[in-house]
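Breakdown of the fold
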Amino acid sequence: MGKIHGYDTIGTLKPGTVKLHGPLGSMLDTVVKNRLVKINYGQLAAPFRLRSETDNKWRCEFWGKVVRSAVYAWKSTQDPELKERIDHTVADLLAAQTPDGCISSYPVEKQLDGWDIWGRKYVLLGLLAYYREMNSDPGILDAVRRCARHLAGQAGELQNYGLHFGMAAGSVLRPFVEIAELCGDDELMSTAVKLAESGCCHLHNIFTAARIGVPPAEIANGKAYEMTSCFQGLASLYAVDSDTAKLETLIRYYRMVREKELFITGGGGLKDANGEFWYSGAARQYRTDCGGMGETCITATWLWFSAAMLRLTGDSTIADDMERSFYNALLGAFLPDGSNVTHINPFLCGGWKRPAKDQMPDFPGQDCCRAQGPYGLSLAPRIAVMKTENGYAVNLYEDSTAAGILKITGGYPAGDKAVVTLLKNGDFELALRIPRDFGCRVDGHAVSRGTYHRLKRQWQAGDRIELEFDFSARTEKLEMYQAELCGPLVMCRECGGKQGRDILRSWGKNVDYASAGMLFSPDNPLTVWERSK
């Protein structure tokens, strides 16, 4: 691990060692119980066995998306039933691999069209997650490598295929880099480098565009999910070659999206009915003429891209942004029982949360956001407590346990306190994230915002650090509108709710966004932005 921008780069602890017991951890357990163990995994693998996807659609994405979510969720929960289902479906899918290495849901004559490459990318990502986190059988890695090499040989210039000016296909950059690195495959790495040099798009080089400051909404067609997936690939490549130009590009993209596109809830996406494009969302988020808002796929993908940036830069303000996304846009998308999510996430006056619908009648129970929501949620334990060169960094303060290192209590973010108790002896540094947007006192002393507060000492098991956060209500304004926050929570008003379903009632008291609209009914609308008084 090197040093970038004055802070040690940080890495994840051994997966499964951090357990969250607050809102994020509770919802993750619920999603495993009511969603991930109940999925028909045979249905997800069937198109690959039959190569039956002849209409250029995206049934091919669901196996990899769901399995990847399930793998990372299992690493936190260790649920035995979920493990059994994952093991079985991986074997089922690998049985569909043909002797040439191909794993595709499209018949040969239609391969490379439509969403085929996008779907094969998710197969690679799902299998990579399984190999890294659950089963290091060399045969699995060999199957992944053969699949990637077949695709690379079949397609040639990948950015010339698929949807959204090639960005959907170009996003295969990430698994290509990671497979090449794992296998020491120079030829596959060369293919990945050439793909990155093309900019993963046949309209223009999206990486060059970001580096020179082209706003995200004006890069390619602005399709947020696919674009950010390509930048995830660039982050993987930077982790291999440490080219500072790539890091500068990644930081520029991150900052532009944060400043120009993210909503107050930490989500993003608007313009079309499904809220799927960058479209100057930060400035337009209070409007009613910009389509749907806040595709959950964008929230989940943005969180994982942010996690890569956190690891590469050690910038604590990235974790600030992630915290807001976790506790508002992401948690606010889930049904209370974890069985589904919203595709779009409304917060305008009169908007209401609605469960995602099946995207294809012959593929019941599947929506892209329904598959991605658990993926975003499964990230939280991985970044809550991380390893640094000199010790550990604490990024999330909800009640949790990092096995053998520390535990956190206090009920954050419902409460304004967090107590960190050390579980081991040792001479190391503990870096506590101090939020940028609201004050904090550590053991009674005010500390600087927007950075890590470092405590280096000879620790003894049982040592305690007490943090007290300033949860005073604060207001953010946007033209003639305003919104209110309390700590990391975005507040909103709702009609109906637990008090009744009469939409003619006056707007109720402030509640946090994630808790509002839980009737998932037009009789239970909500609003974040209100006209300034």
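It should be noted that the structure appears before, not after, this text.
Described in the following lines is the structure provided in the data block.

Some points on the sheet that holds strand S6 (residues 391–394)
Overall, mixed pairing links the five strands, which are arranged S3-S5-S6-S10-S13 in an open sheet. Since the sheet does not close on itself, it has two edges, and those belong to strand S3 (11–12) and strand S13 (451–459), each with one partner. Sitting on the sheet, helix H15 (residues 316–330) is in contact with strand S10 (426–434) and S13, with an inclination near 55° to S10.

A word on the pairing of strand S8 (residues 406–409)
Alternating residues of S8 divide into Leu406 and Ile408, all buried, and Lys407 and Thr409, none buried. With three bridges connecting them, strand S7 (residues 400–402) and S8 associate as antiparallel partners. In the sheet register, threonine 401 faces S8, and the bridge partner there is lysine 407. The antiparallel pairing of S7 with S8 creates a hairpin that spans three residues between the two strands, and glycine 404 there sits at a positive phi of about 75°. Two strands pair when backbone bridges link them, and S8 and strand S9 (residues 417–422) are joined in this way by four bridges, in the antiparallel orientation. Paired with threonine 409 across the two strands is valine 419, which belongs to S9.

A short note on the side chain of asparagine 345
The topology assignment puts asparagine 345 in the loop between H15 and helix H16 (368–378). Take asparagine 345: its relative accessible area is 5%, and that puts it in the buried class. Separated by 2.5 Å, the side chains of asparagine 345 and threonine 342 make a polar contact. With near-sequence residues (within four places) excluded, asparagine 345 lies in contact with Met293, Gly294, Glu295, Thr296, Ala329, Gly332, Ala333 and Tyr513.

Thoughts on the sheet that holds strand S12 (residues 445–446)
Each strand in a sheet pairs with another by means of backbone hydrogen bonds, the pair being arranged parallel or else antiparallel. Read across the sheet, seven strands follow the order S4-S7-S8-S9-S14-S11-S12 without closing on themselves; strand pairing throughout is antiparallel. With one partner strand each, in any of the chains shown, strand S4 (18–20) and S12 form the two edges of the open sheet. Across five bridges, the pairing between S9 and strand S14 (residues 464–469) is antiparallel. When the sheet's bridge partners are listed, valine 419 is paired in S14 with glutamate 466.

Rules and cut-offs
Once a new chain begins, its residue numbering starts again from 1 and follows that chain's sequence as written. Since the coordinates come from a predicted model, pLDDT governs what is reported: local features require at least 70, and pairs of side-chain atoms require 80 or more to be given and counted, while whole-chain, interface and lining totals use all residues. Side-chain figures throughout are based on the complete set of non-hydrogen atoms in the structure, without hydrogens or water. Each pair of strands is called paired provided DSSP finds at least two bridges between the two strands. Under the scheme used here, helices are H or I runs from DSSP no shorter than 4 residues and strands are E runs no shorter than 2 residues, and both carry numbers assigned from the N terminus. Contact criterion: two residues are considered in contact whenever any of their non-hydrogen atoms come within 4.5 Å of each other. Interaxial angles span 0 to 180 degrees and are taken between N-to-C directions of axes, which are lines fitted to C-alpha atoms, for helices over the stretch in contact. A simple rule labels every residue: compare its accessible area, found with a 1.4 Å probe on the protein chains alone, to the largest value its type can have, and call it buried under 20%, exposed over 50%, or partly exposed in between. Counted as a polar contact is a pair of N or O atoms within 3.5 Å, where, for protein atoms, one must be capable of donating a hydrogen and the other of accepting one, and residues adjacent in sequence contribute only when both atoms are in side chains.

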